[in-house]
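Results of the structural survey
Residues per chain, in single letters:
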Amino acid sequence: MKPARTKTPRKPPVKKGSQTSLKDPVGVYCRVRPLSLPEQECCIEVISNTTVQLHPPEGYRLNRNGEYKETLYSFKQVFGTHTTQKELFDVVANPLVDDLIHGKNGLLFTYGVTGSGKTHTMTGSPGEGGLLPRCLDMLFNSIGSFQAKRYVFKSNDRNSMEIQCEVDALLERQKREATPNPKTPSSKRQVDPEFADMINVQEFCKAGEVDEDSVYGVFVSYIEIYNNYIYDLLEEVPFDPIKPKWNSCSTPMRNTDFVLPQSKLLREDKNHNMYVAGCIEVEVKSTEEAFEVFWRGQKKRRIANTHLNRESSRSHSVFNIKLVQAPLDADGDNVLQEKEQITISQLSLVDLAGSERTNRTKAEGNRLREAGNINQSLMTLRTCMEVLRENQMYGTNKMVPYRDSKLTHLFKNYFDGEGKVRLIVCVNPKAEDYEESLQVMRFAEVTQEVEVARPTDKAICGLMPGRRYRNQARGGPVGDELLVSEVVLQSFPPLPSCEILDINDKQTLPRLTEALEKQHHLRQKMTDEFHKQAITFKALLQEFDNAVLNKENYIQGKLNEKEKVISGQKSEIERLEKKNKTLEYKVEILEKTTTIYEEDKRNLQQELETQNQKLQQQFSDKRRLEARMQGMVTETTMKWEKECERRVAAKQLEMQNKLWVKDEKLKQLKAIVTEPKAERPERPSRERDREKATQRPVSPSPVPNAPPIRLRHRRSRSAGDRWVDHKPASNLQTETVMQPQVPHAITVSVANEKALAKCEKYMLTHQELASDGEIETKLIKGDVYKTRGGGQSVQFTEIETLKQESPTGRKRKSSTGAPAPPDGTESEWTDVETRCSVAVEMRAGSQLGPGYQHHAQPKRKKP
């Protein structure tokens, strides 16, 4: 039974090379392409080698109400219109290739609007190769003599490499040569003249330091991201992508859409790096082979003719250069067969599709959908940069939306610290691209504030350096036996010639025998000497052994003594360690106690500070409350002082008015009293006064037998005119002596036009309750006029007021017990004052007061 597969454990949060102290900002460079026509208006100006100025064109200023705003943007370096491809490569791409050789990853973008020269910067043109062929040339110039044989390194589908022995690699080479595969380029094939001028780099470029004790292998792959789908440009599709689809009847289908190859998926390897699953990786051995692979995929890349660019890229292309290196073994002959010692580094060259506005490119149909996907992926890239900058500047932990686009998801590891990132911003200075260039500049400004962790150096292995050249200088292994044989043979004299030319030659063999006997005798002598020396050496060796044995015994004794001392010291050390542990335990307890006390002290101090703050707050609140109360008391005091002054003034005014009223009443009464009267008629009291009079003691009347007075009606001044007497139904009948009576009057309860047409005068009887509780009757009089329209109008002229007061409850001036003066003057005046009512008729608006008023003002009796 197979064991259950477990989930791959996640990486710890701290990634490789993510030390906070070792971070580098994203290198952002700017390249300005020359204008197509010299007379075109320019909106971008190079100020220095690090600054460009962007100013709005004339038409833009007119549309924006004449606003003119120049903007400066800074970059790591700015390349003007006269910059060569070699100068750009030396500054931007050369360090990335050097890092690639030393086991570090790199990512290079070209970004800009459509038609700004991105593809030219990356690929180049005939006679002027771009960054890609120059990177390949520098790489193979550096590792050319140290490359492993083909198929020693073999890629798998898990974004890793395997090592094959020389025999397996040889068998695979023979197998591939027997069945040629168009995917695998051959170094013997002639270079395609179509791109021969692009890779013919005149300047020789090579990395400074290369590990000579390693072997290298180069693998390339080429993909494109089209409409947010990933396609392998090196994949051989079984149909012609130019021709339409055919159905089962061998007739072309009506749908003219082309069949697309199968899209690829993004995967995550065991190191949590993103890669394209199922992508073809081709091993190459030279610049020509690598560029041939690139050119084969470039022909399949999607381009289209738009209103702004004749060959506009409709997809993002990614050309990956993967360098695999493994160390040689200790002898320097073969590759070390340890998979853990393989180092894989990768350089990704990305040619982004240009951002564009559809109203300028006049895109329709598929072109419009492609433009939307291009702009969406670039917007996601910009959003990721903004979130990364915000997290780094403000310490936030927002999630970076890498997964919103395949482009950002593929390269997320680079921004997490897996390599160096560089961006080339390509701009077209013509005025028509001003708004697009402005957005590109803002994106560059945000990107260069993002910091990426610096990748760490990767150690290859711990073997001794210089193994390769030491093995070559030795020329192969040499045995010790051969050296001994050569020394022994050189110690004997040379043998005479052994060649027998004549059958009767009797001298050669005797000389040879004599020489051999001499050598045998010499060998015997050497053997005896060797035995003697061996015996002597044995005796010396025996003596040496004895001496060594004695010394060993002596040393053993010393060692025993030392061991006793050491054991004693160990016991002492153990005792001291126990004591030390006890003291440490006590110290720990004391530290804990001290910590507790310090914590209590801090708590008490905090509580004391809190109480002090509360007291200070209460004290400040109390002072503020006192100040507020003082202000309120002062304000209330001033308010009441003003109120008292106002009341005093009002009371004074009221008393003055009362005094004036009293004076007026006295004057009126005096005038009434002083008039000569034949007789004093008694005032008939009302029914209510009679009822009240029966309930209290009645004082004797000064005139006991007064004749009854008949009711007298007051006649209106305008008695000769005809009147409309308007008496509302709500009026009450009063019992006053004086009653208004108008002859020739038409009495109505509601005024109407018919009654007004027959009369010349109008009178309205109005009743209201006075302040003393009595009913006050007002007679409002006016003249009736005819209007032009045949109607009637009333103009009010005067108001008569009829008011009554009850004298009951007032203290009378005269009393039954008081004797009357002899002349009778005082009694007559007092009786009139208390018992009579005086009616005074006045015009409305007179200064003497209202129309009819009844006054009964008592007079104080003289002592």
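So, a few notes on the structure that sits alongside this text.

Notes on the overall build of the chain
The helix and strand inventory of the chain stands at 18 helices and 29 strands. Sorting the 863 residues of the chain into buried and exposed places 35% on the buried side. About 55700 Å² of surface is accessible on the chain, with carbon and sulfur atoms providing 53% of the total.

Here's the deal with the sheet that holds strand β5 (residues 71-74)
One open sheet holds the three strands; their spatial order is β3-β4-β5, and the pairing between them is antiparallel. Of all strands in the sheet, those bounded by a partner on one side alone are β3 (44-46) and β5. Strand-to-strand twist in this sheet, taken as the mean axis angle between neighbours without regard to direction, amounts to 25°. Two elements, strand β4 (residues 51-54) and β5, share four bridges in a ladder whose sense is antiparallel. Across the sheet, leucine 54 pairs through a bridge with threonine 71, a residue of β5.

Looking at empty space enclosed by the protein
Taken as a whole and assessed by the stated rule, the structure comprises nine cavities of 30 Å³ or more. Considered as a void within the structure, the second largest cavity measures approximately 60 Å³ in volume. Met122, Thr123, Leu132, Tyr222, Phe294, Gln298, Arg301, Ser317, Val318, Phe319, Leu349 and Asp351 are the residues that line the second largest cavity. Listed by contribution, the elements that provide at least two residues to the lining of the second largest cavity are α7 (287-298), β19 (316-327) and β20 (343-351). If you tally residues by element for the lining of the second largest cavity, the top one is β19, at three residues. Tallied by class, residues from the lining of the second largest cavity come to seven nonpolar, three polar and two charged.

Here we look at the sheet that holds strand β26 (residues 745-748)
An order of β26-β24-β27-β28-β29 is seen for the five strands of this open sheet, with the pairing classed as mixed. At either end of the open sheet lies a strand with only one pairing partner, and these are β26 and β29 (792-803). Pairwise comparison of adjacent strand axes, ignoring direction, gives a mean angle of 20° for this sheet.

Observations concerning unusual backbone geometry
One non-glycine residue with positive phi stands out, namely asparagine 227, at about 55°. When you line up the elements, asparagine 227 lands in the loop between β12 (214-226) and β13 (229-232). According to the relative accessible area criterion, asparagine 227 is buried, its value standing at 11%. Its identity as a non-glycine residue notwithstanding, histidine 272 has a phi of 65°, on the positive side. Inspection of the secondary structure puts histidine 272 in the loop between β14 (266-268) and β15 (274-276). Taking the relative accessible area as the measure of exposure, histidine 272 reaches 7% and is therefore buried.

A closer look at the nonpolar core
Of all hydrophobic cores here, the largest spans 53 residues; its most connected members are Phe75, Phe411 and Met441. Once you skip the residues sitting within four places of it in the chain, methionine 441 turns out to touch Cys30, Ile44, Val52, Leu54, Tyr73, Phe75 and Val427. Ranked by size, the runner-up nonpolar core spans 47 residues in total, among them Leu100, Ile280, Ala290 and Leu347.

A look at the pairing of strand β7 (residues 106-112)
Counting buried positions along β7 yields seven of seven residues, so the element is predominantly enclosed. Of the two faces of β7, the one lined by Gly106, Leu108, Thr110 and Gly112 and the one lined by Leu107, Phe109 and Tyr111 are each fully buried. The pairing of β7 with β20 spans five bridges and is parallel. Opposite phenylalanine 109, over in β20, you have valine 350 as the bridge partner. The sheet contact formed by β7 and strand β21 (residues 420-427) spans seven bridges and is parallel.

Some thoughts on the packing of aromatic side chains
Tallying each qualifying case throughout the model produces 10 aromatic pairs. Plain terms: the ring middles of phenylalanine 291 and phenylalanine 294 are 5.2 Å apart, the flat faces sit at 50° to each other, and that makes the pair tilted. With phenylalanine 291 and phenylalanine 294 both in helix α7 and three residues apart, the pair spans about one turn of that helix. Assessed through its relative accessible area of 0%, phenylalanine 291 is described here as buried. A centroid spacing of 6.1 Å and a plane angle of 20° characterise the contact between phenylalanine 291 and tryptophan 295, whose relative ring orientation is stacked.

A word on α7
For α7, built from 12 residues, the straight-helix expectation of 16 Å at 1.5 Å per residue is met to within 8% by its first-to-last C-alpha distance of 16 Å. Counting buried positions along α7 yields 11 of 12 residues, so the element is predominantly enclosed. Of all the positions in α7, only Thr287, Glu289, Ala290, Phe291, Glu292, Val293, Phe294, Trp295, Arg296, Gly297 and Gln298 are classed as buried.

Looking at the pattern of salt bridges
For side chains bearing opposite charge, pairing can occur when the charged atoms are close. Taken as a whole and assessed by the stated rule, the structure comprises 29 salt bridges. Between lysine 592 and glutamate 588 there is a salt bridge whose closest N-O contact spans 3.8 Å. With lysine 592 and glutamate 588 both in helix α15 (residues 508-674), this residue pair falls four residues apart, about one helical turn. Each of Glu236, Arg296 and Lys300 takes part in a single network of salt bridges with overlapping partners.

Description of helix α12 (residues 434-447)
Taking 1.5 Å of rise per residue, 14 residues should cover 20 Å, and α12 covers 20 Å from first to last C-alpha, within 8% of that figure. Taking burial as the measure, the 14 residues of α12 include 10 buried ones, the bulk of the element. All of the buried residues in α12 are Tyr434, Glu436, Ser437, Leu438, Val440, Met441, Phe443, Ala444, Val446 and Thr447.

Some words on the packing of helix α2 (residues 85-101) against helix α4 (residues 131-143)
α4 packs onto α2 with a crossing angle of 45° between their chain directions and a minimal axis gap of 9 Å. Judged by the angle between their axes, α2 and α4 are oblique. For the crossing formed where α2 meets α4, the hand is right-handed. Judged by residue contacts, Gln85, Lys86, Leu88, Phe89, Ala93, Asn94, Val97, Asp98, Leu100 and Ile101 of α2 engage Leu131, Arg134, Cys135, Met138, Leu139 and Ser142 from α4.

Focus on a nonpolar patch on the surface
Taken together, the side chains of Phe537, Leu541 and Phe544 make up a nonpolar region of the molecular surface, amounting to roughly 330 Å² of accessible area. Here leucine 541 lies in helix α15. A relative accessible area of 38% places leucine 541 in the partly exposed class.

Side note on the packing of helix α9 (residues 366-394) against α12
For the pair α9 and α12, interaxial distance at closest approach is 9 Å and the crossing angle is 35°. In terms of crossing hand, the pair formed by α9 and α12 is left-handed. Between α9 and α12, the contacting residues are Leu381, Arg382, Met385, Glu386 and Arg389 on the first element and Gln439, Arg442, Phe443, Val446 and Thr447 on the second.

Regarding the environment of asparagine 731
Tracing the backbone through its elements, the reader meets asparagine 731 in the loop between β24 (723-726) and β25 (740-741). Judged by relative accessible area, which is 21%, asparagine 731 ranks as partly exposed. Placed 34 residues apart in sequence, asparagine 731 and threonine 765 show a C-alpha to C-alpha distance of 8.0 Å.

As for the environment of threonine 50
Here threonine 50 lies in the loop between β3 and β4. Owing to a relative accessible area of 29%, threonine 50 belongs among the partly exposed residues under this scheme. It is 5.6 Å that separates the C-alpha atoms of threonine 50 and serine 74, two residues lying 24 residues apart in sequence. Those residues in contact with threonine 50, other than ones at most four positions away along the chain, are Tyr73, Ser74, Phe75, Lys76 and Val78.

Observations concerning the side chain of glutamine 298
For glutamine 298, the position within the fold is in helix α7. Accessibility expressed as a relative area gives 18% for glutamine 298, which makes it buried. Excluding anything up to four places from it in sequence, glutamine 298 contacts Thr119 and Tyr222.

What counts and what doesn't
Residues numbered from 1 in each chain as written. Predicted model: local features only at pLDDT ≥ 70, side-chain atom pairs only at ≥ 80, totals over all residues. Heavy atoms only, no water. Helix = DSSP H or I, 4+ residues; strand = E, 2+ residues; numbered from the N terminus. Buried < 20%, exposed > 50% of the residue type's maximum accessible area, 1.4 Å probe, protein only. Areas by Shrake-Rupley, 256 points an atom, 1.4 Å probe, with all protein chains shown as cover. Pairing = 2+ DSSP bridges. Axes fitted to C-alpha atoms, helices over the stretch in contact; angles between N-to-C directions. 1 Å grid on protein atoms, 1.4 Å probe; cavity = no way out; pocket = protein on both sides within 12 Å on 5 of 7 lines; lining within 4 Å. Points joined across faces, edges and corners; volume = space filled by probe spheres on them. Nonpolar A, V, L, I, M, F, W, Y, C, P; charged D, E, K, R; others polar. Core = buried A, V, L, I, M, F, W, Y, C linked by side-chain atoms within 4.5 Å. Contact = heavy atoms within 4.5 Å. Phe/Tyr/Trp six-rings, centres within 6.5 Å; stacked < 30°, edge-to-face > 60°. Expected span 1.5 Å × (residues − 1). Salt bridge = Lys/Arg side-chain N within 4 Å of Asp/Glu carboxyl O. Parallel < 35°, antiparallel > 145°, perpendicular 65-115°, else oblique. Left-handed = near helix turned anticlockwise from the far one by under 90°. Patch = residues over 30% accessible without salt bridge, like charges linked within 9 Å, V, L, I, M, F, W, Y side chains within 5 Å.

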